[in-house]
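Take a look at the letters that make up each chain.
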Amino acid sequence: MIPENNNQYRTLSVGTGIDYLSEIEDVHTKLGGNTETWKISEIGDGNLNLVFHIQSEHHSVIAKQALPYIRARGEKWQLPLSRAYFEHEALLRHEKRAPGMTPAVIHFDHDMALIIMEYLEPHIVLRKGLVRGEIFSRAADDLGHFLANTLFKSSNFSMEASEKRADIALFSGNSALCEVTEARVFTEPYYEAELNRWTSPQLDHSVSLIRQDSKLKTSINEMKTIFMNSSQALLHGDLHSGSVMITDTDTRIIDPEFAFYGPMGFDIGALIGNYLLAYMAQNGHISKENDRAMYSEWILATIQSTWRAFDHRFRKLWETERTGGLFPENVIHRQDQEESIKALNRFLETVLQDAIGFAGAKMMRRIIGAAHVEDLETISDPNLRAKCEKHVIALARKLLLHRNDYSSMADVVAITQDVRKRDPE
Ligand code: ADP
Ligand code: SR1
Ligand code: MG
């Protein structure tokens with residue numbers, strides 16, 4: 001891991017980056033040529049880190065460096081450099097479990113908390129595509145496949161108990177990042193925390209209702225309990241639409257710095273929740289040329305197909321690659337295939353219901369918590385934005401409260417359509 005008092009670390013800049021990177025053999029091999037021709041720019045648009053794009057005449061790489069604090073907040077908000085170590089470890093595991101679905105790692109510089117990786121081109125960040133109304137025909141199949149492979153293969157269905165426990169111990173070092181999620185997603189939005197913000201005054205009444213809503217607070221606390229107590233699988237940990245870079249033919253998952261062993265439904269819920277945010281934001285992006293009606297339907301269809309692809313792939317892995325600590329379950333049910341499938345069905349139903357609850361939690365925090373999303377922030381008319389945001393709040397509340405009443409993504413889609421049809425309170 002990266003010690004926090006590491007005196008080899010210094011923050012790179014556009015001014016110093018090329019000199020530093022040109023000394024790294026792997027970078028030199030990748031970019032080749034005369035370093036005089038290399039160009040560097042800082043392209044990071046995330047909340048936490050520096051991201052440099054370095055180009056030579058014919059090739060490019062990304063150099064992502066952790067800062068000792070939260071970029072979006074400033075130096076007062078310390079955050080360990082070790083997150084770069086965990087991001088790198090997670091990228092390696094993701095590449096092994098879902099080959100070709102992450103940017104290829106070129107080099108890891110431990111002392112500098114610096115990951116050198118493949119520059120993805122012409123990929124765009126999925127969230128930006130959702131704001132622009134772009135269709136990605138592989139998104140659902142690819143993301144369902146990624147989720148099933150990475151979650152199944154890091155679970156006790158696949159890993160030996162001792163191997164998994166050792167990896168849980170390793171990733172438990174990423175505690176500071178889990179604590180960010182515990183605070184920002186599950187706690188702060190529900191009290192008068194310093195960093196919260198919302199569209200005011202339009203949402204003031206909604207926020208005050210949330211603060212008095214004991215049932216909602218019980219539900220969010222239940223989700224936080226699952227988040228903190230389950231170690232089902234190695235999660236990406238921050239799988240929103242900003243962590244997906246995509247074209248119509250290729251999908252890559254970036255930025256697993258929040259990786260830890262947690263409940264499978266958290267990654268699935270993060271993705272679904274962000275699609276639902278995008279759906280509720282569509283009314284704010286209507287133009288004369290595009291009423292976004294078909295696009296809204298595409299988002300909902302994508303949610304359903306993502307779950308379908310996940311479910312299909314997970315069942316396939318369960319049938320063919322069930323080799324882990326839960327394998328004796330196979331022996332127990334050897335005589336009774338039907339009972340075995342029932343157990344799997346029940347397992348997947350719980351994952352679905354967790355995912356629905358986590359989707360609600362992720363949606364709520366993006367409207368009334370500290371960190372907001374482009375989907376809604378780019379709606380410049382505050383009244384129109386507030387209307388979309390009230391739809392998000394209404395849906396998120398239903399998902400959190402009633403998650404255990406749903407038995408399919410089709411149920412989620414139906415309730416989502418119903419909420420958006422109504423005038424929000
Ligand atoms: P943070 O952890 O600070 O959120 P990200 O890993 O999300 O940083 O990266 C920030 C931005 O940098 C992304 O939104 C994307 O625009 C760009 N980026 C990151 N990794 C790559 C990559 N491998 N190829 C191309 N662009 C990338
Ligand atoms: C200050 S941290 C805000 C958020 O950015 C990351 O992408 C995570 O979602 C985190 O909660
Ligand atoms: Mg990040």
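What counts, and at which threshold
Residues numbered from 1 in each chain as written. Chains lettered and ligands numbered in written order. Predicted model: local features only at pLDDT ≥ 70, side-chain atom pairs only at ≥ 80, totals over all residues. Heavy atoms only, no water. Near = heavy atom within 4 Å. Polar contact = N/O pair within 3.5 Å; in protein donor to acceptor, adjacent residues only side chain to side chain. Areas by Shrake-Rupley, 256 points an atom, 1.4 Å probe, with all protein chains shown as cover. Nonpolar A, V, L, I, M, F, W, Y, C, P; charged D, E, K, R; others polar. Domains from an automatic or database assignment. Donors = N, O, S within 2.8 Å, 3.2 Å for Na, K, Ca; no water. Buried < 20%, exposed > 50% of the residue type's maximum accessible area, 1.4 Å probe, protein only. Contact = heavy atoms within 4.5 Å. Buried area = accessible area lost by both parts, 1.4 Å probe. Salt bridge = Lys/Arg side-chain N within 4 Å of Asp/Glu carboxyl O. Helix = DSSP H or I, 4+ residues; strand = E, 2+ residues; numbered from the N terminus. Expected span 1.5 Å × (residues − 1).

Enquirer: Kindly report on the site of ligand 1, identifying the contributing residues and their values.
Expert: Around ligand 1, the structure places 19 residues, and the nearest of them are D45, N49, K64, L120 and E257. A distance of 2.6 Å separates an oxygen atom of ligand 1 from a polar side-chain atom of D45. A distance of 2.9 Å is found between an oxygen atom of ligand 1 and a side-chain nitrogen or oxygen belonging to D255. Summarising the interface, the protein chains cover 92% of the accessible area of ligand 1, which totals 560 Å² for the free molecule. A class-by-class count of the residues in the shell around ligand 1 yields 11 nonpolar, 3 polar and 5 charged. Counting residues domain by domain, the shell around ligand 1 receives three or more from each of domain 1 (17–118) and domain 2 (124–421).

Enquirer: Tell me about the coordination of the magnesium ion (ligand 3), residues and numbers included.
Expert: With distances of 2.0 to 2.5 Å, the protein atoms coordinating the magnesium ion (ligand 3) are D255 (OD), D255 (OD) and E257 (OE). The residues D255 and E257 share a single accessibility class, namely buried.

Enquirer: So what's going on with the domain arrangement of the protein? Residues and values would help.
Expert: Domain assignment breaks the protein into domain 1 (17–118) and domain 2 (124–421). Each of domain 1 and domain 2 was reduced to a C-alpha centroid, and the two centroids are 27 Å apart. Taken together, the contacts link 27 residues of domain 1 with 33 residues of domain 2. Of the roughly 2,500 Å² buried where domain 1 meets domain 2, counting both sides, 62% is carbon and sulfur surface. It is F86, R97 and M101 in domain 1 that bury the most area against domain 2; as a group they hold 31% of the surface buried on that side. Our count for the domain 1 to domain 2 interface comes out at 4 salt bridges. At the junction of domain 1 and domain 2, the tally comes to 9 residue pairs in polar contact (both at pLDDT 80 or more). At the level of secondary structure, the elements contributing two or more residues to the side of domain 1 that touches domain 2 comprise strand 5 (74–78) and helix 3 (83–97).

Enquirer: How would you summarise helix 15 (residues 382–402) if you had to cite specific residues and measurements?
Expert: The first and last C-alpha atoms of helix 15 sit 30 Å apart over 21 residues, in line with the 30 Å expected at 1.5 Å per residue. Turning to helix 15, its buried residues number three or more, namely R385, A386, C388, E389, H391, V392, I393, L395, A396, L399 and L400. Where the residues of helix 15 are buried, they touch helix 8 (204–211), helix 9 (214–229), helix 10 (264–281), helix 13 (337–368), helix 14 (374–377) and helix 16 (409–421). You can read the cap of helix 15 off the contacts: a side-chain oxygen lies 2.9 Å from the backbone nitrogen of N383, and it is on D381.

Enquirer: Tell me what's going on with the pattern of salt bridges, and back it up with residues and numbers.
Expert: Tallied over the full model, the rule gives 24 salt bridges. Between D255 and K64 there is a salt bridge, with the nearest N and O atoms lying 2.6 Å from each other. Separated by 191 residues along the polypeptide, D255 in the loop between strand 11 (251–253) and strand 12 (260–262) and K64 in strand 3 (residues 60–65) bring together distant segments of the chain. K64 carries the same exposure label as D255, and that label is buried. Connected through salt bridges with shared partners, the residues K64, E87 and D255 form a single ionic network.

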